[in-house]
Amino acid sequence: MINAKRLQPRSPLQKAAMALYWPALIAVLPITTLVLTPFLVPGAIVAGILALVIGGNPIPYTMQFLADAGPRARAFLGSLGPRWLDNSPPHPTYVHDGEFPTIENVPSSFRWQFAVVRGPAYLRKMITSFFYATYLALFRHKIRPMEDEEMGKMYASLHPLSVVLRSTYVKFLKKIDKVPDWAVEAGVTPAAPTDKIAYYLADCTYVGQVKPYKGMHIAPTVTLWRSMDRTDRPLDSPRDLYTPRRERDFPELVPVAIKVFPKKREAYVARPGDAAWDGGKTYALHGMNHLGTLRDHPKIHFPFDTINVYTLRLPRNHIIRQLLTPHQQLTLTLNDIVLNSYIASVVVNPFMTQSPFDASPEELRKYLQGTKDEFVFSTKPFPEDAFTNSPYVLQLQRYYAATRTFVGQVLATSAATGSARVDDKAASEWADAIAAILPGFPNGDAWVEGGDAYRADVLALIMWNLSFSHTLDHYSFYAIPWDVNPWRLRVPVPPTRDDDFDYERAHDRVDAWKLAQCEMTFFYTGSSTSMAKVDYRFNDPKLKQLNRDFIKSMHKIDAIKDSAKILPLADIGQSIDF
């Protein structure tokens, strides 16, 4: 694994070189490509060099490929010495205190495969984003306040800019039974119990633990949201997942009060009409942006690496490995790069032109520590107190239901035909190894005793998380208008409810330039695979038919014409490879 501490530049000259690395590559690559493309041999050499830079030594990958050909090839390669075989199993190791285990010794074959499959796409996006970001920095770098309706209320046939209801930010809404006293004291009148109204809180106070760069600002906030159902049904009544939804089938959702915690000042509550209201909303979204990207989204990435590693140790034809393999491709390498690569990670290297963050890598690690502190594995896709009546959640619920049905059928069919067992010794050891690291994951005894229904819940959650949940998270980050939801704010939150927020000075050209590059390169969906073509490589004809039926069921969901279709099925990746 790349040693992050060893690769971090120490001298000013090294730091300057790293700061110029990606701009130089972006500037040189198009010229090199244009000049060398007519010549196949030089072009292949350049491509090979780029792949070596990204992926490392290709020889172990080639040797491992040959080793998989058969016992004679393995015996021959083994006689050459262990250096020719890159087959040592990766294992979870705590590298950074307070975080989930980083996966040590990710095989070079995995890195090489990632370089070949994903490297060109990332380079292409870096080049195209560079020019678009430059245009934004020159002509459209300023941010603006977000209207209350744009922030959450459903209007105009589910307007795509209804940021919270149509994005991952809906995860921040936690249902409460009573309006907080601070909101009542500020003038919020709680609805009568008979009204079809519910209240939710979005708590973004965790950002106060992070120290931003000098000249940049972060402010903790707590936002009170009011949801009002516009249908004739009771507020919490169940609804059919597959019935197309009209505009009025989704609730109105509006922010009604924001508790703001200015630095070195007393907290205050901003209400609609206050001078600080717009600034409070901007900082509330600012907090959701930080926590959503750096604390909540990592819950999809890094905890599941442990499952990935121990799944690789199962026999190739084990039903668990067959179900999970399509959803784990390229993920170990990607996550290792994100956490440890100074050359290619915007989290580790603040000098990258795509790094939009407002705090040092050491401070950003505090968000990841919060990820570990909060994570508990659950077979439920959404907590009981979550706000689920939104287009974003509905699309995820539809695909989870299809995934759970498919996994249940696979386990039932394999047990009935005797073609595979999901509760054997290997599966029990697999569960024990994971449970020792992941809080809430069933151990071997719970796995065996839970029955096929429980095991299907566990496997479906893993598969759904690594595909649908991950891709929609990325797309919603990208789809939120950057000019109302920036990464950097250079003006502090209004110190009192009677102070305005200066939007003219809040965001400069460099901020817009780095933000646009990050969104286009890393946030926008761009998987090398699609759930529309997922193949679990079953050997049993009955299981192969279930695979085809699963694809058909996903296409039926994709064909539903309503505003819950946030992203087409063809754009939803099978695994975390971006």
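All figures in this text were calculated on a predicted structure; none of them were measured in a lab.

Conventions and cut-offs
Residues numbered from 1 in each chain as written. Predicted model: local features only at pLDDT ≥ 70, side-chain atom pairs only at ≥ 80, totals over all residues. Heavy atoms only, no water. Core = buried A, V, L, I, M, F, W, Y, C linked by side-chain atoms within 4.5 Å. Buried < 20%, exposed > 50% of the residue type's maximum accessible area, 1.4 Å probe, protein only. Helix = DSSP H or I, 4+ residues; strand = E, 2+ residues; numbered from the N terminus. Contact = heavy atoms within 4.5 Å. Lys, Arg positive; Asp, Glu negative; His and termini not counted. Salt bridge = Lys/Arg side-chain N within 4 Å of Asp/Glu carboxyl O. Polar contact = N/O pair within 3.5 Å; in protein donor to acceptor, adjacent residues only side chain to side chain. Expected span 1.5 Å × (residues − 1). Pairing = 2+ DSSP bridges. Patch = residues over 30% accessible without salt bridge, like charges linked within 9 Å, V, L, I, M, F, W, Y side chains within 5 Å. Areas by Shrake-Rupley, 256 points an atom, 1.4 Å probe, with all protein chains shown as cover. Charge placed at Lys NZ, Arg CZ, Asp CG, Glu CD. pLDDT = per-residue confidence, 0-100. Axes fitted to C-alpha atoms, helices over the stretch in contact; angles between N-to-C directions. Parallel < 35°, antiparallel > 145°, perpendicular 65-115°, else oblique. Left-handed = near helix turned anticlockwise from the far one by under 90°. Nonpolar A, V, L, I, M, F, W, Y, C, P; charged D, E, K, R; others polar.

## A word on the nonpolar core
Counting residues in hydrophobic clusters, the biggest one holds 128 residues, and the most contacted among them are Ile320, Leu323, Phe406, Trp430, Phe441 and Leu459. In terms of residue count, helix α18 (residues 451-479) provides more of this core than any other element does, twelve residues in total. Residues within four places of Ile320 in sequence aside, it is in contact with Leu314, Val422, Ala427, Trp430, Trp447 and Leu459.

## Regarding the side chain of Asp358
Looking at the secondary structure, you find Asp358 in the loop between α13 (331-340) and α14 (361-374). Here Asp358 is buried and forms no salt bridge, its nearest opposite-charge partner Arg488 lying at an N-O distance of 6.7 Å. There is a polar contact of 2.9 Å between the side chain of Asp358 and the side chain of His290. Setting aside residues up to four positions removed in sequence, Asp358 forms contacts with Pro212, Tyr213, Met216, His217, Ile218, His286, His290, Trp487 and Arg488.

## Observations regarding α18
For α18, with 29 residues, the first-to-last C-alpha span of 41 Å sits near the 42 Å given by 1.5 Å per residue. Across the 29 residues that make up α18, a large majority, 21, are buried.

## Focus: the environment of His555
With respect to the helices, strands and loops of the structure, His555 is situated in helix α20 (residues 541-558). Between the alpha carbons of His555 and Pro568 there is a distance of 9.5 Å; along the sequence they are 13 residues apart. Look past the residues within four positions of His555 in its chain and what remains in contact with it is Ala532 and Leu569.

## Quick word on the pairing of strand β4 (residues 197-203)
The side chains of a regular strand alternate, first on one face of the sheet and then on the other. The buried fraction of β4 amounts to five of the seven residues, a majority that puts the element mostly inside the structure. With three bridges joining them, strand β3 (residues 174-176) and β4 adopt antiparallel strand pairing. Across the sheet, Lys174 pairs through a bridge with Leu201, a residue of β4. Relative to strand β5 (residues 221-228), β4 is paired through seven bridges, and the arrangement is antiparallel. Across the sheet, the residue bridging to Tyr200 is Trp225, located in β5.

## Topic: a positive patch on the surface
A contiguous patch of positive charge on the surface is contributed by Lys544, Arg548, Lys552 and Lys556. In this fold, Lys556 is placed in helix α20. Judged by its relative accessible area of 64%, Lys556 is exposed.

## Some words on the pairing of strand β6 (residues 252-260)
Where burial is concerned, most of β6 is hidden: eight out of the nine residues are buried. Pairing analysis gives eight bridges linking β5 to β6, with the strands arranged antiparallel. Bridge pairing in β6 links Arg226 to Val254.

## Looking at the confidence of the model for the chain
Taken as a whole, the chain shows an average pLDDT of 82; of its residues, 79% reach a score of 70 or greater. Mean pLDDT in the chain bottoms out at helix α1 (residues 4-7), which sits at 38, and peaks at strand β7 (residues 268-270), which reaches 98. Note that pLDDT drops below 50 for residues 1-9; the model gives that stretch 22 contacts with residues more than four away or on any other chain. When the criterion is pLDDT under 50, residues 32-48 qualifies, and its contacts beyond four places in sequence or with other chains add up to four contacts.

## Digging into helix α15 (residues 391-417)
End to end, α15 covers 39 Å across 27 residues, agreeing with the expected 39 Å (1.5 Å per residue, within 8%). Trailing α15 by a residue or two, Gly418 shows a phi angle of about 75°, which is positive.

## A few points about the sheet that holds β5
Taking strand neighbours across the sheet as the criterion, the five strands line up as β3-β4-β5-β6-β7 in an open arrangement whose pairing is antiparallel. The open sheet is flanked by β3 and β7, the only strands paired with a single partner. Direction aside, neighbouring strands of the sheet carry axes that sit 30° apart on average. Most of the contacts of helix α9 (residues 277-296) go to β6, to which it runs at about 95°, and overall it touches β4, β5, β6 and β7.

## Thoughts on the packing of α18 against helix α19 (residues 509-523)
Taken N-terminus to C-terminus, the directions of α18 and α19 make an angle of 155°; their axes are 10 Å apart at the nearest point. Of the possible angle classes, the one that applies to α18 and α19 is roughly antiparallel. Crossing of α18 against α19: the hand is left-handed. Between α18, through His474, Tyr475, Phe477 and Tyr478, and α19, the contact on the second element is made entirely by Glu519, Met520, Phe522 and Phe523. Of the residues belonging to the contact of α18 with α19, the class tally is six nonpolar, one polar and one charged.

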